[in-house]
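Here's the letter readout for the chains.
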Number of protein chains: 2
Amino acid sequence: MLEDSGSPKPVVTFLGPVASYTHQATLDAFNSSDFTLTPVITIEDVFASVQSGTAHRGVVPFENSSNGSVVFTLDLFADLQHKYPEIIVCGESYIAVQHCLLGHPNSRHASQPSSVSERFGGSRVGSGVIESPLSSGAVTPTSTIPNPQKPTARPAGDLSKIKKLYSHPQAWGQCKIFLNTYLKGVERQDVSSTSRAAQLVAEDPTGESAAVSSVIAARIHGLEVLARGIEDRGDNTTRFFVIRKRAEVEVGETKSVEGKQSGKDERGEGDWKTLVSFTIDHANLGSLAHSLAVFEKYGLNLTSINTRPSGVENWNYIFFVELKGRKEEGIEDGPVNKALKDLDSVCRSWRWLGSWENRLAR
Amino acid sequence: MLEDSGSPKPVVTFLGPVASYTHQATLDAFNSSDFTLTPVITIEDVFASVQSGTAHRGVVPFENSSNGSVVFTLDLFADLQHKYPEIIVCGESYIAVQHCLLGHPNSRHASQPSSVSERFGGSRVGSGVIESPLSSGAVTPTSTIPNPQKPTARPAGDLSKIKKLYSHPQAWGQCKIFLNTYLKGVERQDVSSTSRAAQLVAEDPTGESAAVSSVIAARIHGLEVLARGIEDRGDNTTRFFVIRKRAEVEVGETKSVEGKQSGKDERGEGDWKTLVSFTIDHANLGSLAHSLAVFEKYGLNLTSINTRPSGVENWNYIFFVELKGRKEEGIEDGPVNKALKDLDSVCRSWRWLGSWENRLAR
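Parameters and conventions
- Residues numbered from 1 in each chain as written.
- Chains lettered and ligands numbered in written order.
- Predicted model: local features only at pLDDT ≥ 70, side-chain atom pairs only at ≥ 80, totals over all residues.
- Heavy atoms only, no water.
- Least-squares fit on C-alpha atoms with pLDDT ≥ 70 in both.
- Contact = heavy atoms within 4.5 Å.
- Core = buried A, V, L, I, M, F, W, Y, C linked by side-chain atoms within 4.5 Å.
- Buried < 20%, exposed > 50% of the residue type's maximum accessible area, 1.4 Å probe, protein only.
- Helix = DSSP H or I, 4+ residues; strand = E, 2+ residues; numbered from the N terminus.
- Buried area = accessible area lost by both parts, 1.4 Å probe.
- Salt bridge = Lys/Arg side-chain N within 4 Å of Asp/Glu carboxyl O.
- Pairing = 2+ DSSP bridges.
- Axes fitted to C-alpha atoms, helices over the stretch in contact; angles between N-to-C directions.
- Phe/Tyr/Trp six-rings, centres within 6.5 Å; stacked < 30°, edge-to-face > 60°.
- Lys NZ or Arg CZ within 6 Å of the ring centre and 35° of its normal.
- 1 Å grid on protein atoms, 1.4 Å probe; cavity = no way out; pocket = protein on both sides within 12 Å on 5 of 7 lines; lining within 4 Å.
- Points joined across faces, edges and corners; volume = space filled by probe spheres on them.
- Nonpolar A, V, L, I, M, F, W, Y, C, P; charged D, E, K, R; others polar.
- Domains from an automatic or database assignment.
- Disulfide = S-S within 2.5 Å.

1. A few points about the relation of the copies chain B and chain A
Both copies of the chain are placed relative to one another by a rotation about an axis and a shift along it.
In step 1: Relative to chain A, chain B is turned by 180 degrees and slid 0.0 Å along the rotation axis, the superposed coordinates differing by an RMSD of 0.1 Å. Here the copies are linked by what is in effect a two-fold axis.
In step 2: Same-surface contact between copies: 100% of interface residues of chain B are shared with the interface of chain A.

2. Considering the nonpolar core
In step 1: Counting residues in each nonpolar core, the largest one holds 48 residues, and the members touching the most others are Phe 278, Leu 292 and Phe 295 of chain A together with Phe 278, Leu 292, Phe 295 and Val 321 of chain B.
In step 2: Contact partners of Val 321 of chain B, with chain neighbours within four places excluded, come to Thr 274, Leu 275, Val 276, Phe 278, Leu 292, Phe 295, Leu 302, Ser 304 and Ile 305 of chain B.

3. Remarks on helix H6 (residues 194-203) of chain B
Since the α-helix turns once every 3.6 residues, residues separated by three or four places project in the same direction.
In step 1: Residues of H6 of chain B that are buried: Thr 194, Ser 195, Ala 197, Ala 198, Leu 200 and Val 201 of chain B.
In step 2: The elements touched by buried residues of H6 of chain B are helix H1 (21-29), strand S6 (100-103), strand S7 (164-167), helix H4 (169-174), strand S9 (209-213) and helix H7 (215-221) of chain B.

4. Examining the interface of chain B and chain A
In step 1: Counting residues at the interface gives 57 residues for chain B and 57 residues for chain A.
In step 2: Carbon and sulfur atoms make up 49% of the area that chain B and chain A hide from each other, which totals about 4500 Å².
In step 3: Our count for the chain B to chain A interface comes out at one salt bridge.
In step 4: With a closest N to O distance of 4.0 Å, Lys 176 of chain B and Asp 75 of chain A form a salt bridge.
In step 5: Residue assignment for the side of chain B that touches chain A shows that the elements contributing at least two residues are helix H2 (43-52), strand S3 (57-64), strand S8 (187-190), strand S11 (237-245), helix H8 (287-297), strand S13 (302-309) and strand S14 (317-324) of chain B.

5. Topic: the sheet that holds S6 of chain B
Residue and element names in this part refer to chain B.
In step 1: Reading across from one edge, S8-S7-S9-S6-S10 is the order of the five strands in this open sheet, with mixed pairing throughout. Two strands bound the open sheet, and with one partner strand each, they are S8 and strand S10 (224-228). With direction set aside, neighbouring strand axes in the sheet form an average angle of 30 degrees.
In step 2: For S7 and S8, the ladder comprises four bridges, and the chain directions are parallel. Paired with Ser 167 across the bridge in S8 is Asp 190.
In step 3: The sheet strands contacting H6 are S6, S7 and S9, and the helix crosses S9 at an angle near 160 degrees.

6. Remarks on the packing of aromatic side chains
In step 1: Tallying each qualifying case throughout the model produces 22 aromatic pairs over all chains.
In step 2: Aromatic rings pair up to connect Phe 47, Phe 62, Phe 77, Tyr 84, Phe 241 and Trp 356 of chain A into one cluster.
In step 3: Note that Lys 327 of chain B overlies the ring of Trp 352 of chain B, its terminal NZ or CZ placed 4.0 Å from the centroid.

7. Things to note about helix H3 (residues 71-78) of chain A
In step 1: Taken as a whole, H3 of chain A has its buried residues at Thr 73, Leu 74, Leu 76, Phe 77 and Ala 78 of chain A.
In step 2: Just downstream of H3 of chain A lies Asp 79 of chain A, where phi reads positive at about 55 degrees.

8. Things to note about the sheet that holds strand S15 (residues 349-357) of chain B
Residue and element names in this part refer to chain B.
In step 1: Here we have four strands laid out as an open sheet, ordered S13-S14-S12-S15, and antiparallel in their pairing. Among the strands making up the open sheet, the edge pair consists of S13 and S15. Across the sheet, the mean angle from the axis of one strand to that of its neighbour is 15 degrees, orientation sign disregarded.
In step 2: Here seven bridges tie strand S12 (residues 272-279) to S14, and the two strands are oriented antiparallel to one another. Paired with Val 276 across the bridge in S14 is Val 321.

9. Focus on the layout of surface pockets
All names here are of chain A.
In step 1: Roughly 390 Å³ of internal volume is contained in the second largest pocket.
In step 2: Residue lining of the second largest pocket: 20 residues in total, with Ala 78, Leu 80, Thr 279, Ile 318 and Ser 349 positioned closest to the centre.
In step 3: Each residue belonging to the lining of the second largest pocket can be placed in one class, and the counts come to nine nonpolar, eight polar and three charged.
In step 4: For the lining of the second largest pocket, the two domains that each supply at least three residues are domain 1 (10-96 + 235-245) and domain 3 (272-362).

10. Some details on the state of the cysteines
In step 1: Scanning the entire structure with this criterion turns up zero disulfides over all chains.
In step 2: Cys 100 of chain B supplies the cysteine sulfur nearest to Cys 175 of chain B, a cysteine that is in no disulfide, at a spacing of 9.2 Å.

11. Comments concerning the pattern of salt bridges
In step 1: Tallied over the full model, the rule gives 23 salt bridges over all chains.
In step 2: For Arg 239 of chain A, the salt bridge goes to Glu 92 of chain A, with nearest N and O atoms at 3.0 Å. One end of the pair, Arg 239 of chain A, is in strand S11 (residues 237-245); the other, Glu 92 of chain A, is in strand S5 (residues 87-96), with 147 residues separating them in the sequence.
In step 3: Classification of Arg 239 of chain A by relative accessible area gives buried; the value is 2%.
In step 4: On the basis of relative accessible area, Glu 92 of chain A is assigned to the buried category, the value being 0%.
In step 5: For Asp 28 of chain B, the salt bridge goes to Arg 359 of chain B, with nearest N and O atoms at 3.3 Å. Here Arg 359 of chain B lies in the segment after S15 and Asp 28 of chain B lies in helix H1, a separation of 331 residues in the sequence.
In step 6: Taking relative accessible area as the criterion, Asp 28 of chain B reaches 28% and is therefore assigned partly exposed.

Structural data, given as structure tokens:
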């Protein structure tokens, strides 16, 4: 084993800020002792840094288990402006996402003044939420919604002082039940990250705002956890992609390049995933079905499909398919290689967007 | 022709407020003399009113040509909570969407005071934007973005006083080039509609906010059009669905039910569209490809696919396919009917979500 040689470490950019979920995904995929982990502001910044070579790798969110695809990331892979032609996926990471409602102590119920023991900022983070009987969490059935879903989380105190909520747009869709039960009709402001939401609430002198954010952000910004685990589903998980520039390592890369990804030599096709985008001639009967059929022909299981506007003509689309298997480098007769060759004859255009090790435990 | 009998007109609900793009779509599909057109606040309100029978029909946005699907609408069709089991699509409407930047007169350049002739509120809406030389619209190429896109619209004055932007989330994605050129980094607040955005700007005493909204909203709220046609693509179009309750008219409905939809008797399969959702056994190799293949078997062209999380298990999906053709009522041997019968044997579950007349001119 070599000691640190003192040479600059390769840079990995991620959608920041520090302590964001993407940062957690980056720490999951990269040893911080071997890489310089650099937060950037937008998903496009991550793509641009990797395309330009400023960064060795980048980490971006791709989809959430409750809320679906991250369309900003899909659009960067669609690359309608040909800005990121060499970006491919080379790894993935799954991070459990627990959302909390963060606010000021004075947003608690007047008759139940905040005490130190009831606060969860600073070192008390992780001590658990004290449930108060102030809100029953009961949800009234109506004629239009006879069986409303009941949130599993309950607020630690009165939330009636909260006049404004801050969060990342993805978070609203992951916490619908709690927010519709306890904070229905409260104004919502989208911000660039859940960490930024917490910062804005911390800076709000009125104390009438709250953030849907993480328990880490509560600690960083000195906010109180007003409710913990407010996501609709307990298994709420976000999936992240590690991206790299295609030209860099193309031949003979039989193992994952990241230290934290295991590199076993013998792996079945099911242990790899591949992302492919393609466009079709929409006027041609069956061209979508034909394009999808080529993967089945070679025994490749399609695990997901996404579509985005093609950018060329209205109501034409670019399709993204993900499948189990990998494109072999330097070998013509791998099943993915053969499927892509066949795809070429039935679709209008296609692009291989990377093959990587499956990290989803089944 | 019968005169108005005085009996209550059937109600059509639409995603409001009045003068919203969905309202325009509703006026496109329904004669306001024959129906009571009622704005409601959310897309779910439209579904609920039709499911409960309060409304005869409802109108909801489904997808935008630049920005893709409306996931809120897809999730209501996915209906994971079994609240809207009888809702089907019975019509569609396409509305050209021209976005404008609306603001206060005092957000113009200090050296070029606003004059009546330069304002576009009130009756002067439609008189065209006066282009000033204050902003060149030049976009600086960088190493990461060597060929930046240039917006086609130019602001009528200085926008440097604008500190905050309001709009509907869909609008940001349709006006990326203009906003990134002239208003990069300005704080954005999502609101429920572009009309609401204009209202909030009109109420803002600082004059430092602006809305991405419509020229109609400028007139209603007395705002100035600071830039017109700021969408990325001149053919920016939103597609709307007319929904109805399934039980109501099921047999023998060979024509469209709305007065404004043409009802020719002889129409090919290409003159109709059908929406189907289905779920698959993700562990079963090829089940997605098999499910899609049934449509091709009967010569049905798939025109789009959408996916949303299944809500049952993480990384499982509900698929939405749209195809040319229609499910025949009371007839077993129509191609869509036969495809759905075959689908039953290869997918886990499926649902017919309606067949309607194609209104897209080709």
